[in-house]
Amino acid sequence: MQELASPRADSLRAALDSVFASPAYRWETREDPLGILRRAWQAASDYLTRLHSANPAAFRVLTWVLLAILAAILGHAAWIAFRTVGQGSRQSPGATHLPASTVRDGAWYAREAARLAQGGDFVAAMQADFLRLVLELDGRRLVTYHPSKTPSEYAREAALSVDARHSLRTLVREMYGYAFARVPIDRDAYERWRSAAATERYAAAH
């Protein structure tokens, strides 16, 4: 009996080895491509939970800082989108394309603001006139012009006196209200804003 059982056991073992050697039974540990992100998210979540329990005041401060960063990112994106879409959609149908060599300095933006205001597009005129102001302040080395900067960034970095810096921040806040909050604007409101945007009102810090 043992002699008969041995060949059968060998045959069964060979059959099992053949089956488990097939690709369907090959167990492989696959690396999760998002594993690092999941672990980082879990670690951050655990840290915030511990911080909230151990130091609620620090947790609130961190929350406000993160919200401020998010608001700055969204504001910057909104400003860039507004400038990009506005410059494309607000071209008059009969306007001719400017040659690539045209210099868009403060004088150019002053003329553009006047043209837009004449057509009743006061928000776009305000935007152009603000860029005129920035370029003129840049010429006086009171700010550093860069196309990607937002008006709020110019107001924060401007090397102005305390009163002039406050005036510039008020100017930016009003412009944001007209451009993004859709505060109603007419020619009188635009002229008041434009008067407040006169370059001579912004003196350097001493």
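Preceding this section is the structure that the text describes.
Residues numbered from 1 in each chain as written. Predicted model: local features only at pLDDT ≥ 70, side-chain atom pairs only at ≥ 80, totals over all residues. Heavy atoms only, no water.

### Remarks on the overall build of the protein
- Broken down by element type, the protein carries eight helices and zero strands.
- From first element to last, N terminus to C terminus, the protein shows the α and β order α-α-α-α-α-α-α-α.
- Sorting the 206 residues of the protein into buried and exposed places 26% on the buried side.
- Contacts in the protein between residues at least 24 apart in sequence constitute 58% of all its contacts with a sequence separation of at least 6. (Helix = DSSP H or I, 4+ residues; strand = E, 2+ residues; numbered from the N terminus. Buried < 20%, exposed > 50% of the residue type's maximum accessible area, 1.4 Å probe, protein only. Contact = heavy atoms within 4.5 Å.)

### Points about the environment of Leu 135
- By the element assignment, Leu 135 lies in helix α5 (residues 122-139).
- Counting along the chain gives eleven residues from Leu 135 to His 146, while the straight-line C-alpha distance between them is 9.5 Å.
- Each residue touching Leu 135, except ones within four places of it in the same chain, is listed here: Arg 104, Asp 105, Gly 106, Tyr 109 and Tyr 145.

### Description of α5
- Between its first and last C-alpha, α5 extends 25 Å over 18 residues, near the 26 Å set by a 1.5 Å rise per residue.
- Summarising burial for α5: 15 of the 18 residues are buried, a large majority.
- Among the residues trailing α5, Arg 141 stands out with phi positive, at a value near 65 degrees. (Expected span 1.5 Å × (residues − 1).)

### Topic: the packing of aromatic side chains
- Taken as a whole and judged by the stated rule, the model has four aromatic pairs.
- Pairing Trp 108 with Tyr 109 gives two aromatic rings, centres 4.9 Å apart and planes at 85 degrees, and the pair type is edge-to-face.
- Plain terms: the ring middles of Tyr 176 and Phe 180 are 5.4 Å apart, the flat faces sit at 55 degrees to each other, and that makes the pair tilted.
- Of the residues examined, Tyr 176 reaches a relative accessible area of 21% and is grouped as partly exposed.
- On the accessibility criterion, Phe 180 (36% relative accessible area) is partly exposed. (Phe/Tyr/Trp six-rings, centres within 6.5 Å; stacked < 30°, edge-to-face > 60°.)

### Here's the deal with unusual backbone geometry
- In this model, Arg 141 sits at a positive phi of 65 degrees, which is unusual for a non-glycine residue.
- With respect to the element layout, Arg 141 can be found in the loop between α5 and α6 (151-157).
- Taking relative accessible area as the criterion, Arg 141 reaches 77% and is therefore assigned exposed.
- Within the chain, Arg 182 stands out as a residue other than glycine whose phi angle is a positive 60 degrees.
- On the accessibility criterion, Arg 182 (63% relative accessible area) is exposed.

### Re the pattern of salt bridges
- If you walk through the whole model with that rule in mind, you get five salt bridges.
- A salt bridge links Arg 132 to Asp 129, with the shortest nitrogen-to-oxygen separation between them at 2.9 Å. With a gap of three residues between them, Arg 132 and Asp 129 both fall in helix α5, about one helical turn apart.
- Among the residues examined, Arg 132 registers a relative accessible area of 8% and is labelled buried.
- In this structure, a network of salt bridges that share partners links the residues Asp 129, Arg 132 and Glu 136. (Salt bridge = Lys/Arg side-chain N within 4 Å of Asp/Glu carboxyl O.)

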